[in-house]
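Examination of the molecular architecture
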There are 2 protein chains.
Amino acid sequence: MTMKSDKFKVDKRHLRTVRTREKLLVAARHVFLENDFQTTTISQIIKRAGVGYGTAYVHFEGKDELLIVLMEDVMDRFHQVAEQPFEPGTAEEAQKQIEQQAMAFLQLAEQEREMLRVVEQAIGISYVIRTKWKQIRERFIERISCDIRYAQRTGLARPDLNPALVARGWFFANEMYLFEVVREETTASIEEIAKTLTAVYTTGLYEHG
Amino acid sequence: MTMKSDKFKVDKRHLRTVRTREKLLVAARHVFLENDFQTTTISQIIKRAGVGYGTAYVHFEGKDELLIVLMEDVMDRFHQVAEQPFEPGTAEEAQKQIEQQAMAFLQLAEQEREMLRVVEQAIGISYVIRTKWKQIRERFIERISCDIRYAQRTGLARPDLNPALVARGWFFANEMYLFEVVREETTASIEEIAKTLTAVYTTGLYEHG
DNA sequence: CAAACAAATTGACACTGTGTCAATATTATC
DNA sequence: GATAATATTGACACAGTGTCAATTTGTTTG
């Protein structure tokens, strides 16, 4: 059958390639999580994968690309959080929805802590990974900007503020807390963090009579 | 005179040490600013300083410590901004003072752009420098927390929010913008950034009737 | 002041990790 | 089975680090 010989052709050669690639990825994940990005070496990875040194460079450009591939799942989950719908009818609804998104964002930090720990280190060191992370960030900010414009159009939000600037500031605070959670450096619960950040963001720190 | 022979003793040996150290620092500044932290090497620095390779390691532990010493001036200026007094009588006064501090903070980014560019790169790579930067950050956050508690005590700020959490979030947004300014990645003026961030921080994004 | 001492400087060396590439091993095709 | 195509391999050249025994420079002492 053509179906089998075409798409599912038992291509032993191609199969081997895929296997080797997979072995490298599995090994890389282990080594990355057990150590950190800086100290992880190609030698450690190929040793664990049971392949020759040069093989790693056949399949990946280097440490960076290996991590980028490993990051993909996590990144998808971030994108999912970024794309949550936002159509509040009242300011209270808006606050609730924003808080939920902030929570979802911080929960991701908890759930993907190990991988994100490595990613954070890599952001500082590797240009490609920094770029990759910036894409996530810009996607969030773009989305938040839209949400703010929507709220401004419907008369919920103050129209005098630049949506892009506000969105950036809001995301930045969330991002920094994300990594604090990843590093387990925070004393407060993520619920409290999300609640507090959102409260300040939506209604401000100061009393208004 | 003892004054001369004691404290100001013409100690040719000690003088040479100081000179060498200075030569290394001057050279390091040049090389750091012309390249970036990653690609700067000890060899480049000692070559520019006109001293032997090993000499660098006599005076400094490595690249990191060299940069830490070069950072000191900038760090002092940050500390100065952090220690600005805060004793507002009204919410409007508070907003004005906070905005001024945010401005001062971002202006520092503009004025010390080159050095901070290197520092940002180094934060990602070097543990000691990351630690150094965290000290600055914690000092700011500590100070902001105090300010918030003061505003809460005087009935200006909402008493239901955790000052430490709010302070962190506020500083994080400022810090991220600081580095955007350093990288010249921002489209808006620092005035507009400071104004917008402060407006959201003090009175919130949403209308309150 | 010269000899002995002390301190600062030096560059060669060992080490670690990277990325490349010609040689080798494996799989496909005729 | 021979030939071609592709995948794997590890030895190699290279770049940077940090160390340390040897050397240079300055100080003190008899």
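What counts and how
For every chain, the first residue of its written sequence is number 1, and the numbers climb from 1 along that sequence. Chain letters and ligand numbers both follow the written order, the letters beginning at A and the numbers at 1. Thresholds applied to this predicted model are a pLDDT of at least 70 for local features of residues and 80 or more for the giving and counting of side-chain atom pairs; totals over whole chains, interfaces and linings are not thresholded and use all residues. Excluded from the side-chain calculation are hydrogens and water; included are all heavy atoms of the structure. Between two residues, a contact is recorded if the distance between any of their heavy atoms is within 4.5 Å. Here the quantity called buried area is the accessible surface, traced with a 1.4 Å probe, that two parts lose on coming together, added over both. What counts as a salt bridge is simple: a side-chain nitrogen of Lys or Arg found within 4 Å of a carboxyl oxygen of Asp or Glu. Pairs of N or O atoms are called polar contacts if they sit within 3.5 Å, as long as, within protein, a hydrogen donor faces a hydrogen acceptor (for residues adjacent in sequence, only side-chain-to-side-chain pairs). Secondary structure elements are taken from DSSP: a helix is a run of H or I of four residues or more, a strand is a run of E of two residues or more, and numbering for both begins at the N terminus. Throughout this entry, Asp, Glu, Lys and Arg are counted as charged residues, while Ala, Val, Leu, Ile, Met, Phe, Trp, Tyr, Cys and Pro are counted as nonpolar. The remaining residues, Gly among them, count as polar. The near set for a molecule or strand comprises every residue that places at least one heavy atom within 4 Å of it. Among buried residues, those of type Ala, Val, Leu, Ile, Met, Phe, Trp, Tyr and Cys that are joined through side-chain atoms within 4.5 Å constitute a nonpolar core. When a residue's accessible area, from a 1.4 Å probe over protein chains only, is under 20% of the maximum for its type it is buried; when over 50% it is exposed; and in between it is partly exposed. UniProt positions are given in the numbering used here, feature names are shortened, and annotations may be inferred rather than shown by experiment. Of the grid points, spaced at 1 Å and generated over the protein atoms alone, those admitting a 1.4 Å probe that cannot get out make up cavities, while open sets with protein on both sides within 12 Å along at least five of seven lines make up pockets; any residue with an atom within 4 Å of a point is treated as lining. Grid points are joined across faces, edges and corners, and a volume is the space filled by probe spheres set on the points. Where each domain starts and ends comes from a domain assignment, either automatic or drawn from a database.

**Details of the interface of chain B and chain A**
Taken residue by residue, the interface counts 46 residues in chain B and 46 residues in chain A. For the pairing of chain B and chain A, the buried interface totals around 4100 Å² over both sides, and the portion due to carbon and sulfur atoms is 62%. Scanning the region where chain B abuts chain A turns up four salt bridges. A salt bridge links Glu185(B) to Lys134(A); the shortest N-O distance between them is 3.0 Å. Counting every contact that joins chain B to chain A gives 24 residue pairs in polar contact (both at pLDDT 80 or more). For the side of chain B that touches chain A, the elements supplying multiple residues, two or more each, are helix H6 (91-111), helix H7 (113-125), helix H8 (127-153), helix H9 (163-182) and helix H10 (190-203) of chain B. Residues that form the side of chain B that touches chain A fall into these classes: 26 nonpolar, 11 polar and nine charged.

**As for the protein's contact with DNA strand D**
Inspection of the region around DNA strand D gives 19 residues, with Thr20(A), Gly52(A), Thr55(A), His59(A) and Tyr57(B) positioned closest. At the protein interface, 67% of the atoms of DNA strand D within 4 Å belong to sugar or phosphate. Within the contact set of DNA strand D, a phosphate oxygen lies 2.9 Å away from a backbone nitrogen or oxygen of Lys12(B). One of the backbone nitrogen or oxygen atoms of Ile42(B) is found 3.5 Å away from a phosphate oxygen of DNA strand D. Mapped by element, the contributors of at least two residues to the surface near DNA strand D are helix H2 (12-34) and helix H4 (53-59) of chain A together with helix H2 (12-34) and helix H4 (53-59) of chain B. Element by element, the count of residues in the surface near DNA strand D is highest for H4(A), at five residues. For the surface near DNA strand D, the residue count by class is six nonpolar, seven polar and six charged.

**Section: the nonpolar core**
One finds Leu67(A), Phe78(A), Leu67(B) and Phe78(B) to be the most contacted residues of the largest nonpolar core, which totals 151 residues. Once residues within four sequence positions are removed from consideration, Leu67(B) is found in contact with Phe32(B), Phe37(B), Met115(B), Val118(B), Val119(B), Ala122(B) and Ile129(B).

**Re the UniProt feature "domain: HTH tetR-type" (unreviewed entry) in chain A**
UniProt records the feature "domain: HTH tetR-type" (unreviewed entry) for residues 18-78 of chain A in the present numbering. Taken end to end, residues 18-78 of chain A is 79% helix and 0% strand, and its two terminal C-alpha atoms sit 27 Å from one another.

**So, empty space enclosed by the protein**
Scanning all chains against the criterion turns up four cavities of 30 Å³ or more. Empty space within the largest cavity amounts to approximately 210 Å³. Ala173(A), Val200(A), Gly169(B), Ala173(B) and Val200(B) are, among the 15 residues lining the largest cavity, the residues nearest its centre. At the level of secondary structure, the elements contributing two or more residues to the lining of the largest cavity comprise helix H9 (163-182) and helix H10 (190-203) of chain A together with H9 and H10 of chain B. Each residue belonging to the lining of the largest cavity can be placed in one class, and the counts come to 12 nonpolar, three polar and no charged. Here the second largest cavity defines a volume of roughly 170 Å³.

**A closer look at the UniProt feature "DNA-binding region" (unreviewed entry) in chain A**
Within the UniProt annotation, "DNA-binding region" (unreviewed entry) is assigned to residues 41-60 of chain A. As annotated, residues 41-60 of chain A comprises 75% helix and 0% strand, and the C-alpha atoms at either end are separated by 13 Å.

**Things to note about the domain arrangement of chain A**
Residues and elements named next belong to chain A. With domains assigned, chain A is organised as domain 1 (10-60) and domain 2 (64-203). A C-alpha centroid distance of 32 Å is found between domain 1 and domain 2. Counting residues at the interface gives 13 residues for domain 1 and 15 residues for domain 2. Summed over both partners, the interface of domain 1 with domain 2 buries about 1300 Å², with 77% contributed by carbon and sulfur atoms. Its largest share of buried area at the contact with domain 2, domain 1 owes to Leu33, Phe37 and Phe60, together 47% of the area lost on that side. Summed over the shared surface of domain 1 and domain 2, the number is zero salt bridges. Our count for the contact surface shared by domain 1 and domain 2 stands at two residue pairs in polar contact (both at pLDDT 80 or more). Of the residues forming the side of domain 1 that touches domain 2, the biggest block, six residues, is contributed by H2.

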